[in-house]
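# Observations on the three-dimensional arrangement
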Amino acid sequence: MSQQELFQAALTELEFAKVLQHIAALCLSELGREQILALRPREDVQWLREEHGTLEEMVRLVRQGVPFPWSPVPDVRRHLQKAMIENALLLPTELVDVRELLQLSRSVRQELIRLQEFPRLKAIGEQLYQNRLLERHINDTVDETGGVRDTASRELARIRSEMRTVAARLRTRLRHILRRFVEDELAMDEFITQREGRFVIPIRVEHKHHVPGIIHGVSQTGATVFLEPAEIFELNNELALLADAERREIERILRVITAEIGSCAHEALRSLELLAYVDSLYARARYALLYGGEKPVIADEEDIVLHNIVHPLLAASRGRPAVVPLSIEFREPVRGHLISGPNAGGKTVALKSIGLNLLLALSGIFPLGSCRTPVVRIVTAIGDQQSIEHNLSTFSWQIVRIREILAHGSPNTLVLIDEICAGTDPTEGAALAAAILEELLRQGMRFVVTTHQSSLKAFALHRQGIQNDSLEFDHQRLQPTYRFLPGVPGNSYAFVIAANFGLPEGVIKQAHQFLGSRHRELEESIAVVQRLQQHWQQLQEEARQQAEHAQQLRQQYEEQLRQLQRRRSELLAQTRQELHQILLQARSVIENTLREIRKQQRPVTEIRREFAQQQEEWTQLLQQMESANAVEEPKGTASIAAGMWVTVEGTRSVGLVVGVDEEHRTALVEFNGLKLRVHMDKLQPAEPPSEAPPRQTVGAALWTSQTSLDLRGMRVAEALRAVDQFLSNALQGNAVSVRIIHGKGTGALRQALHQFLATHPAVAEFRLAELSEGGAGVTIVMLR
């Protein structure tokens, strides 16, 4: 057998065609079904990844329920190929099919190119052909039933108009003739019909020679003949000539429209192929959603990982939830799996599940479960293929197949063998099977093999690269569970199954006696391992549930932390805004105080004392405000309302509530002209304060008699500090104006000084000095 023949045999033994038929049944057109049934495993990694990406987009599209203008794709391949022949003619019904293709191609194109989130499907849509002009021409030529329209051409409209006129004259003449024949009892019924395209009337057969004309037929009973009277020959001839002209005109019109179709037939054929491809994608997407298909990973490394896969045919017949899933891995150093277990326990189904899901992944179809695999070539030896014709028993057929596999195998080959070397002497068969597995490992092939032979299980226990697996057996219910147990060899449970099928108990006891003690010990050891495996899996499931619970708690705590962080950010932003308001209000207080200083001539020591007291109260209020903003949970407090006098907890300052925010439980309180937002939990009702003389809120220094300041030689920062102190002293000394000497130089110091003076609260205005006052090197400052 060649490699291709081995591959085809594997597809047959795994029943790959049946799986494709299930998927093809979901297509909306015969062309889509053809594409599905033609799918085969491919070794082009780039094509596979691109195809899976496109299918993933279609799955998302179908899952989202996006409306899609989809209808069966008409198979017009022959029509289009015929149209490419020179001087060919398409029938009106064939034109209707072509028009249907053009309309479908246009509507699908319009929908696909709108899918910005699905770039691969959008790219397919951009390749679809549309020709509105050809659609209109076909629509003007034929109607929905395939009849040629009168509007197909002016000549056809003229001919048909004349035909209707002549036909009307014919009917009028025939009605007169028929009425006369009925009165003369020559005709049986008063109706007009057509035979061979000519108008005729029914005449009794016995009077056929009494009326001149041509007989065009006889009724089934033979009592009536259909006769064309001689007096309407000319009108019938005229109508026949017009009908011939109509036929020739229709033929000309059809040839013209056929030629137009032929000129773009290649583009239409390409669209037909793309529409069939989209139909196949749609069917594969529906199949994935129906049976839990998952996008596979086509990997570059050699590891094969299958998780929770199921047999596609079992999933289709029983439903996905009713099928027990299977997980298996090929990771170094494991390159082979030896599956054992009870008869009818699911070994062959497991073997086929592995092969079919890999075939689906390598054919551009989502496997039913998680799949990560490189490109592999699957070969099999499954089933009973004995042949009397070729003198082959089951054992000899399997040996022949394995011989071909060993001859054509390679490291990228995955071998699936069911019941290896089972049809011969158990001892010799086990030895032969072990040698075959050794050769498979030597050639670097991966394999999955099923067996009942205990010595082969023992061989796998000591041979690196082979892992013992099994199918679980329920000891309490005495029946298989079909659960796959990796790493654990399985018992055949032949005695238990024989007893379940009614074999006499004495026979089974006798069999136990014949069975050697060594074999019984091996079977018992395997049973112990299976129970340990089940216990370990139970512990693993409990650990998984605990991990999920811990993860849920972690997510809850992280969400609470995010909420706290958001709350903190909001409070910080609110605090910054309130501090900004404080600065603005403080600036206003300073300006008012400066004006009062000038008016009242108050002592500097008194101003300093009051400023220090005011500064201390502000500091306490800010600290209390920050502490209040950090509180998350509201406490039970007395009701706070606008217009109330309150104090902040820990201070003696009395303020007036000017606003309340019930949602955030804060209040806007005015303290000596300064407005602060404080949490209600920190506020306590208070008595209104007694009236007091207005306070001064700015510190002062003793004013000297100096009315000018020389900045020459200073840096900008040093100079501005000196100017600020100088202006403060000048205000306290009731100066009206001062001189600041900065020199000319580069002008940088003068520019910085003027920018500073423009925002200083004590400065009313400033200007450069006149030449007599010192010139451009001096600035005159007028104080408020």
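Look a little higher up for the structure.
All of the points below concern the structure found in this document. (Residues numbered from 1 in each chain as written. Predicted model: local features only at pLDDT ≥ 70, side-chain atom pairs only at ≥ 80, totals over all residues. Heavy atoms only, no water.)

## Observations concerning the packing of aromatic side chains
In the structure shown here, the tally under the stated rule is one aromatic pair. Both rings, one in Y287 and one in Y291, keep their centres 5.1 Å apart while their planes meet at 55°; by these two values the pair is tilted. Here Y287 pairs with Y291, and both are found in helix α11 (residues 265–291), just four residues apart, close to one helical turn. Residue classification places Y291 among the buried positions, given a relative accessible area of 19%. (Phe/Tyr/Trp six-rings, centres within 6.5 Å; stacked < 30°, edge-to-face > 60°. Helix = DSSP H or I, 4+ residues; strand = E, 2+ residues; numbered from the N terminus. Buried < 20%, exposed > 50% of the residue type's maximum accessible area, 1.4 Å probe, protein only.)

## Notes on the packing of helix α14 (residues 394–408) against helix α15 (residues 426–442)
In the contact formed by α14 and α15, the axes pass within 11 Å of each other and the chain directions differ by 15°. Here α15 runs roughly parallel to α14, going by the angle between their axes. As α14 runs across α15, the sense of the crossing is left-handed. Taking contact as the criterion, the partners of F395, I399, I402 and L406 in α14 are, on α15, L432, I436, E439 and L440. (Axes fitted to C-alpha atoms, helices over the stretch in contact; angles between N-to-C directions. Parallel < 35°, antiparallel > 145°, perpendicular 65-115°, else oblique. Left-handed = near helix turned anticlockwise from the far one by under 90°. Contact = heavy atoms within 4.5 Å.)

## Here's the deal with the sheet that holds strand β1 (residues 193–195)
Pairing is antiparallel across the open sheet formed by four strands, whose spatial order is β1-β2-β4-β3. Strands at the two margins of the open sheet, each flanked by one partner only, are β1 and β3 (213–218). The mean angle between the axes of side-by-side strands here comes to 50°, regardless of whether they run parallel or antiparallel. Pairing geometry for β1 and strand β2 (residues 198–204), over three bridges, is antiparallel. By the bridge assignment, R195 is partnered in β2 with R198. Contacting β2, β3 and β4 (224–229), helix α10 (residues 233–263) crosses the sheet at an angle of about 140° to β2. (Pairing = 2+ DSSP bridges.)

## With respect to the sheet that holds strand β22 (residues 763–768)
Spatially, β20-β21-β23-β22 is the arrangement adopted by the four strands of the open sheet, whose pairing is mixed. Of all the strands in the sheet, the pair left with one neighbour each is β20 (708–710) and β22. Direction aside, the axes of adjacent strands within the sheet are offset by 20° on average. Of the strand pairs in this sheet, β20 and strand β21 (residues 737–741) are connected by three bridges, and their pairing is parallel. Pairing of L709 across the sheet is with I740, part of β21. In this fold helix α21 (residues 716–732) packs onto β20, β21, β22 and β23 (778–783), with an angle of close to 160° to the strand it touches most, β21. Helix α22 (residues 748–759) contacts β21, β22 and β23 of the sheet and is inclined by roughly 155° relative to β22.

Interpretation in functional terms is not warranted from these geometric data alone.
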